[in-house]
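# Chains, contacts and geometry: an overview
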Amino acid sequence: MDLLPTSESPTLGRRVGFRSLKLVSVAMEEPLPEEPVGVAYGVLENGLTYYVRTNPKPRMRAALALAVKVGSVLEEEEERGVAHIVEHLAFSATKKYTNHDIVKFLESIGAEFGACQNALTSSDETIYELLVPVDKPDLLSQAISILAEFSSEVRVSAEDIEKERGAVLEEYRGGRTAAGRMQDAHWVLMFEGSKYAERLPIGLEKVIRTVTHETVKQFYQKWYSLSNMAVVAVGDFSDVQSVVELIRSHFGRKVPLSASPLVMPDFPVPSHEEPRFSCFVESEAAGSAVMVSCKMPVSEMRTVRDYRDSLAEAMFHCALNQRFFKISRRKDPPYFSCSSAADTLVRPVKAYIMTSSCRERGTVEALESMLMEVARVRLHGFSDREVSIVRALMMSEIESAYLERDQMQSTNLRDEYLQHFFRKEPIVGIEYEAQIQKTLLPQISPAELSEFAANFCTTCSCVIKIVEPRARATLEDLKAVVSKVNALEEDRRIPPWDDEHVPEEIVGDKPNLGIIVQQDEYPSIGATELVLSNGMRICYKSTDFLDDQVIFTGYAYGGLSELSEDEYISCSMGSTISSEIGVFGYKPSVLMDMLAGKRAEVSTKVGAYMRTFSGDCSPSDLETALQLVYQLFTTNVEPRDEEVKIVMQMAEEAICAQERDPYTAFANRVRELNYGNSYFFRPIRISDLKKVDPIQACEYFNKCFKDPSTFTVVIVGNIDPTVSLPLIQQYLVRFLSLSLPHMEYLILSDLIFPVQGGIPRPTESVLQFNRDDLKGLPFKFPATIVREVVRSPMVEAQCSVQLAFPVMLKNTSMMEEIHYVGFLSKLLETKIMQVLRFKHGQIYSVNVSVFLGGNKPSRSGDVRGDISVNFSCDPDISSKLVDIALEEISYLQDQGPSNQDVLSILEIEQRAHENGLQENYYWLDRILRSYQSRAYNGDVSVSFKIQDEGRSKVRKDLTPQAMQQALQRVLPAPCRKQYTVVILMPQLSYLKFVKSLFLSRSSGISRDAKILAGAAGAVVLAVTLWRYSRSTLTS
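Residues numbered from 1 in each chain as written. Predicted model: local features only at pLDDT ≥ 70, side-chain atom pairs only at ≥ 80, totals over all residues. Heavy atoms only, no water.

## Quick word on the overall build of the protein chain
In terms of helices and strands, the protein chain carries 34 helices and 24 strands. Its C-alpha atoms give the protein chain a radius of gyration of 30 Å, within 12% of the compact-globule value 31 Å for 1035 residues. In terms of its C-alpha atoms, the protein chain occupies a principal-axis envelope of roughly 90 × 75 × 65 Å. In the protein chain, buried positions account for 58% of the 1035 residues. Element-wise, carbon and sulfur atoms account for 51% of the exposed surface of the protein chain, whose accessible area totals about 41,900 Å². Positive and negative charge centroids in the protein chain, built from 113 and 136 side chains respectively, lie 5 Å apart. (Helix = DSSP H or I, 4+ residues; strand = E, 2+ residues; numbered from the N terminus. Rg over C-alpha atoms; globule rule 2.2 N^0.38 Å. Buried < 20%, exposed > 50% of the residue type's maximum accessible area, 1.4 Å probe, protein only. Areas by Shrake-Rupley, 256 points an atom, 1.4 Å probe, with all protein chains shown as cover. Lys, Arg positive; Asp, Glu negative; His and termini not counted. Charge placed at Lys NZ, Arg CZ, Asp CG, Glu CD.)

## Details of the environment of Pro-793
With respect to the helices and strands, Pro-793 occurs in the loop between β19 (786-792) and β20 (800-809). Residues Pro-793 and Leu-988, 195 residues apart in the sequence, show an inter-C-alpha distance of 8.3 Å. Excluding residues within four positions of it along the chain, Pro-793 makes contact with Glu-284, Pro-662 and Gln-987. (Contact = heavy atoms within 4.5 Å.)

## Topic: the sheet that holds strand β5 (residues 126-133)
What the 6 strands build is an open sheet, ordered β1-β2-β6-β3-β5-β4; its pairing is mixed. Where the open sheet ends on each side, the last strands, each with one partner, are β1 (40-43) and β4 (117-121). Ignoring which end each strand starts from, the neighbouring axes of this sheet average 10 degrees apart. Bridge count for strand β2 (residues 49-54) against strand β6 (residues 229-235) is 6 bridges, and the pairing is parallel. Residue Thr-54 lies in a different strand from β6, and its bridge partner there is Gly-235. Here helix α2 (residues 82-92) sits on the sheet and contacts β4 and β5; the angle it forms with β4, its principal contact strand, is near 165 degrees. Across the sheet, helix α3 (residues 101-108) lies against β4 and β5, angled at about 135 degrees from β4, the strand it touches most. (Pairing = 2+ DSSP bridges. Axes fitted to C-alpha atoms, helices over the stretch in contact; angles between N-to-C directions.)

## Details of the state of the cysteines
Summed over the entire model, instances satisfying the criterion amount to 0 disulfides. Here Cys-338 stays free of any disulfide, with the sulfur of Cys-358 as its closest cysteine sulfur at 9.8 Å. Judged by its relative accessible area of 11%, Cys-338 falls in the buried class. The cysteine Cys-698 is free of any disulfide, with Cys-571 supplying the nearest cysteine sulfur at 10 Å. Given a relative accessible area of 1%, Cys-698 falls into the buried group. (Disulfide = S-S within 2.5 Å.)

## Points about helix α6 (residues 178-190)
A rise of 1.5 Å per residue sets the reference length of α6, with its 13 residues, at 18 Å; its end C-alpha atoms lie 18 Å apart and thus fit the reference within 8%. Of the residues making up α6, those classed as buried are Ala-178, Gly-180, Arg-181, Met-182, Gln-183, Asp-184, His-186, Trp-187, Leu-189 and Met-190. (Expected span 1.5 Å × (residues − 1).)

## Observations concerning the pairing of β5
Across the 8 residues of β5, 8 count as buried, placing the element largely inside the fold. As paired strands, strand β3 (residues 61-68) and β5 are joined by 8 bridges and run antiparallel to one another. From the neighbouring strand, Ala-67 faces β5, where its bridge partner is Ile-127. Here β4 runs beside β5; their pairing, made up of 5 bridges, is antiparallel. Within β5, the residue paired with Ala-119 across the bridge is Tyr-128.

## Thoughts on the pattern of salt bridges
The final tally for this structure, using the stated rule, is 65 salt bridges. Two residues, Glu-907 and Lys-136, come together in a salt bridge whose shortest N-O distance is 3.7 Å. Taken as a pair, Glu-907 in helix α29 (residues 899-916) and Lys-136 in the loop between β5 and α4 (139-152) lie far apart in primary sequence, 771 residues in all. Overall, Lys-136 belongs to the partly exposed group, its relative accessible area being 44%. Ionic pairing is found between Asp-332 and Lys-645, a salt bridge with its closest N-O pair at 2.7 Å. (Salt bridge = Lys/Arg side-chain N within 4 Å of Asp/Glu carboxyl O.)

## Concerning the nonpolar core
Core analysis: the biggest nonpolar cluster contains 130 residues, and Leu-64, Tyr-128, Phe-191, Phe-251 and Phe-871 have the highest contact counts within it. Broken down by element, the residue count for this core peaks at 12 residues, all from helix α27 (residues 814-839). Val-507, Val-590, Phe-613 and Tyr-700 belong to the second largest nonpolar core, which has 92 residues in total. (Core = buried A, V, L, I, M, F, W, Y, C linked by side-chain atoms within 4.5 Å.)

## Remarks on the sheet that holds strand β12 (residues 516-522)
As summarised here, the arrangement of the 7 strands in space is β12-β13-β14-β18-β15-β17-β16, forming an open sheet in which the pairing is mixed. The sheet is open, and its two borders are formed by β12 and β16 (600-606), each paired with just one other strand. The average angle at which neighbouring strand axes cross in this sheet is 15 degrees, direction not considered. As judged from the 6 bridges shared by β12 and strand β13 (residues 527-532), these two strands associate in the antiparallel manner. In the strand pairing of β13, Tyr-522 is matched with Ala-527.

## Section: the packing of aromatic side chains
Counted according to the given criterion, the structure contains 38 aromatic pairs. For the pair Phe-805 and Tyr-979, a centre-to-centre distance of 6.2 Å together with 55 degrees between the ring planes defines the contact as tilted. Within this pair, whereas Phe-805 is found in strand β20, its partner Tyr-979 is found in the loop between α32 (960-970) and β23 (980-986), the two being separated by 174 residues in sequence. Across this residue pair, the class does not change: Phe-805 and Tyr-979 are buried. Joined through ring pairs, the aromatic side chains of Tyr-568, Tyr-675, Tyr-679, Phe-680, Phe-681, Phe-779 and Phe-851 make up one cluster. (Phe/Tyr/Trp six-rings, centres within 6.5 Å; stacked < 30°, edge-to-face > 60°.)

## Quick look at the packing of helix α12 (residues 384-403) against helix α14 (residues 430-440)
Where α12 contacts α14, the two axes come as close as 10 Å, and the packing angle between them is 160 degrees. Taken together, α12 and α14 sit at an angle that is classed as roughly antiparallel. In the crossing of α12 with α14, the sense of the turn from one axis to the other is left-handed. The residues of α14 that touch α12, namely those facing Met-394, Met-395, Ile-398, Ala-401 and Tyr-402, are Ile-430, Glu-431, Glu-433, Ala-434, Gln-437 and Lys-438. (Parallel < 35°, antiparallel > 145°, perpendicular 65-115°, else oblique. Left-handed = near helix turned anticlockwise from the far one by under 90°.)

## Remarks on the packing of α27 against helix α28 (residues 878-895)
The N-to-C vectors of α27 and α28 enclose an angle of 130 degrees; their axes lie 10 Å apart at closest approach. Of the possible angle classes, the one that applies to α27 and α28 is oblique. In this structure, α27 crosses over α28, and the sense of that crossing is right-handed. The residues of α28 that touch α27, namely those facing Leu-827, Leu-828, Lys-831, Ile-832, Val-835 and Leu-836, are Leu-881, Ile-884, Ala-885, Glu-888, Ile-889 and Leu-892. When the residues that make up the contact of α27 with α28 are grouped by side-chain class, the tally is 10 nonpolar, no polar and 2 charged. (Nonpolar A, V, L, I, M, F, W, Y, C, P; charged D, E, K, R; others polar.)

## Examining the confidence of the model for the protein chain
On average, residues of the protein chain score 89 in pLDDT, and 91% of them reach the 70 mark or higher. Overall, residues 1-15 carries pLDDT values under 50, and its contacts beyond four positions in sequence, including any with other chains, amount to 27 contacts. Note on residues 735-755: pLDDT under 50 across the span, and 30 contacts to partners over four residues away in sequence or across chains. (pLDDT = per-residue confidence, 0-100.)

## Quick notes on helix α24 (residues 694-704)
Restricting attention to buried positions, one finds in α24 the residues Ala-697, Cys-698, Tyr-700, Phe-701, Asn-702 and Cys-704. Where the residues of α24 are buried, they touch α17 (565-572), α18 (574-581), β16, β17 (610-617) and α20 (622-634). Of the residues that open α24, the one with a side-chain oxygen 3.0 Å from the backbone nitrogen of Ile-695 is Asp-693. (Polar contact = N/O pair within 3.5 Å; in protein donor to acceptor, adjacent residues only side chain to side chain.)

## What to know about the side chain of Lys-254
With respect to the helices and strands, the residue Lys-254 is situated in the loop between α9 (240-251) and β7 (276-281). There is a polar contact of 2.8 Å between the side chain of Lys-254 and the side chain of Glu-153. Apart from residues no more than four positions distant in its own chain, Lys-254 is found in contact with Asn-46, Ala-148, Ser-151, Ser-152, Glu-153 and Leu-226.

## As for unusual backbone geometry
Backbone torsion omega between Lys-57 and Pro-58 reads -5 degrees, so that peptide bond is classified as cis. Summarising the element assignment, Pro-58 is placed in the loop between β2 and β3. The omega angle of the peptide bond from Ala-973 to Pro-974 is -5 degrees, so this bond is cis rather than trans. Here Pro-974 lies in the loop between α32 and β23. Even without being glycine, Met-60 reaches a positive phi, approximately 55 degrees. As for its position among the elements, Met-60 is in the loop between β2 and β3. With a phi angle near 60 degrees, Lys-424 is a residue other than glycine that sits in the positive phi range. Inspection of the secondary structure puts Lys-424 in the loop between α13 (410-423) and α14. Residue classification places Lys-424 among the exposed residues on the basis of a relative accessible area of 55%.

Listed below in C-alpha cells is the structure:
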C-alpha cells in the first residue's frame, strides 16, 4: 500500500523538488562523514572545538552556545550539586562582570533572561546558551566574550556562593514535588550499581547549604578544560570566517585552568538479566502510572547501515505507539495513554522506555497489556499496512524538513552541532539525508521492525516500576505478570493483531464549488478577505516564512457564558466527550490511519465567549485540512456508551489526582478570592460528573460548529491562491436558499443555478450572537487588602505565593493602555527578579501574569482584570518576601524606574516583535486580534493600523516618568491599599497549628483559608526520564 500521492501539482514547485529527488546508491558499510557537513568546524591550538554557520532565521540574530563535557557524574560525595552551582555562578560574576551584570547587559540588548540567556546541567554535560541580536557593531563579539568568560573566568568567592545559594535551594525545593520524587526514585533504580545513580544533577540539600567556595572553585578549575569544550555560533552573519576569528580572538589566548587537564573518566552502568521491580507509592501523585525501561549500551552511528538501523528503530516505536493509541480507545481500555521511545539517558547508556497512565487499581492490567503487545510483535510482527502507515509518516516528516531546509531556526541547528560534539551524531546535511531516507525507508521490511521488540525483553537490563497514590499492587503481582506473558509467548498463545477497517476517503462525496460573493484586498497588511455565500468570512495572508506550513483559526462569538448553571456542567464537557467519539465523522483511532503520510490537523475549543477551530497543515495537504473542517460542520456527534465511559473515567481520575495535589487548594482559593464563587470559576467535583448528560453535551457541541455564517476564519502561510481558493470554494462554501444575501446579483450573473457545495448554512441561525450582547462572567476583585495562608498536607514542604492587584483599563484609552500593561508586567517581572533573586538570593524565578480574559468582547465598557506576581520560596520567609516585593512596587510608583530599566524593556519588546514578524503564528494572532479589536468596524486593515499606532505611540512616549504614571494609573495607587496575597504552606502539626493560630490573631493580618479540594482539566501524569537525560536547570 503506497500512501504517498502519485500526482503532482505544478504550483507546488519546491514540494515537487522533494518528490523528484533521485534515489542514491549506497553500500551499507559506507562510512558516514565524521566531520559535520555545511559548517565551519575546527579545533584551536588550546583544544577548544568550534562550529560556525551562517543562517538567516531569525534575521539579525545569532544562536550561541558553550558546550562543556562536565556534569554531575564527575562530582565527589562532598561535591554533589557543585556542577550545577558553577553554572549558576557563571551568570552571577566573572572576572569582567560582577553582580549579575551579564544578565543586565544581555537584557539591555534585548536578550531576555530565561528565554534568550539560559543554561542547563545534566549528568554528563553543561550547556550555556545565548540568543543575541547582531544588527549593531560589536554585539556578537561581546556575546562571544561572555562565553569565553564562562569557560575559564567564573568568579567563585564566598560572597558569590552565599548570594546564589538561596536560588539553588529554591530550585532544589521546586523539584521535590510528586513528579520529582517519582523521577528521582526511578533514576536511582535504573542506574543502581553505577555512579550515575548517586549523582542527580541538582545534588544534595546538605551540600547546597554548606559547600564552601573553595570546593566549588576546585571543581571548576579541575574539570573546566578547553579540550572538553566547544563553541557553537549559528546566525545571520555574512562572513563565517570573521566569526571564527572572533572565537579565536576571545578563546585563543585562554589557557587551561589546570596545569595538566584530566582525562575524562568513564562510568560504566552494569547490566542485569533479572528485571528490577518497584512499587512506588506517592500520595500526591497525579495518577497511576507504569514504566518499563530496558537499558543497552550506546552504539555510535558510523556507517550507512547504522543510519538505516536508526530509521528502522524509529519506525518500530512509531508503529508500536500507533497500536498503543488504538488500545487506549477500546472498550474498557487497560490504560488512558501509553507511549514508547528510545533515548540516550547518559553517555554510555540508552534505553527503550514504555510509559502508560491508567486508572487507580489498574497498574497490573496496564503492565500486562504493555508487555503483551511487545510480545505480540515479537511473535507476529507488524502488518504491511502498519508499516506502510509508519513509512508514510516518516517520509512526510523528512519531506517537510527538506522543503524548509533554508528556513530552519538557528537554535535548532545549534542543537544539532551540540549533539555532534557530545554524542558524535553525524551531520550529513539535509539534502543528503532526504535522499538517503527516501532511498532506505521503502527498503525496510516489517520483519526488520519486529526485531527491535527484542530490546524490550525482560531479561535485557529491564526495570519495571509502577506508581500509585495508594498501595494497590505488590511486587509479586508484577512478577506474576512477567511470568504470565513470558509463558504465553513461549507457548505462542498470543494471537496476531486484529486491525480495524479504515476508509480511503475523509469526504466520500466531494461537494461542488461554491461561490465567493465578495472579495476585498488589504495591501497594507498583505491580506485578502473573502465573504462566502454561506456567510463565512475568510481572510488569508500569503507568506514565505516556512514553505511547508499553512495555519488557520476560525472563531465565532458566543460560548459557555451564555449557559445557565444547570446547563453548564454538561455542556462544558461537550468538547471532551465529542473529541473521544470523533468530531470529524470517524473515531480518532481510525482517523489517525486515514491521515497517515499527510500533515494536517484540526482542533476545536469552546471558551467562555467564543468557539474556535484551529488547523496546521502542509500546503499540499490543505485540501485534507479543509475536508476536516467540512466534516466538523456537517457531522452530528452522537454519544456512545463506550466512549462516554472512557471520558468519565479519565475525568474522575483527573479530579481525584487534583484532590491529592497540594497546589489544588491554593489554586482554588486564588480563583475564589480574586474572581468570586461563580459556577464558571468553581472547580468541578466528582459529584458534578454524575450530573453530566452526554446527549446534552454532544448536542451543544454540534450547535457550536453548525452555522458557518457566524464564523470568521484567518489563514496564514505558504498559500497559492490559484490552488487554495478552489479548495475553499469546494469545502467551505455552500449556496442553499434563494433567501440568501446577494441573490439578485448572483441570478443576473448566472452563477448560482448549478451550485451545491461546501458547508451548508442552516435555514435558521444557530448560536448567532452579537458581541456586544454577550453575558459577562460574574467576577469582582476584593475591595480591601486580603492576606491568606492556605495550608495543605504535603510530603515535602513547598510554598507558592501569589500577590495580585486589580486592573481597570478605561475604554477611551484602551488601545494604548493594553500596551502599557504589557510593558508594566515585564518591568515588574524584571525588577522583582532583581530584588528577590539577584539581591536577596531567595527565589529561583518569578512570573508576572496579566488576566483580562474574564471580560466579554464588547466594543464598549471598561476592562477589568488583575496583574499577579507569582513565585515559590522557603515557607518561613514567604511573608517577608511578599513585603519586599510590595516595597519594590511602591518604590517604582513613587520614584519610577531608571532610564536603563525602560530602555531594556523597550529593547526586549522590540526584539520579540522583530522575531514575531518572521513567524506565521504571530501574523495569525495579529490579524485575529484585529478582527476582535474594539476598533474593528468592517475593515480589518484599519483596526490593525490602530493597534500598531497604539504600540508605536506607547513606545515613543515610554519614559521613566510615563512608566511611573502608568504604574499609578493601572495599579491601585499606592499599591498597598488594595491587593490580595495567597500563600500555600505545609499543613502544621497540632501544636504548631495552635501556636500559629495565636500568632495570627495577635497580628490580625492573616487567616487560615478554607481548603477546597478538586479541579477539572488535569492530565494524568506520564512519568519520563527526560529530566535527567536533558535536565534543564536554569541559571
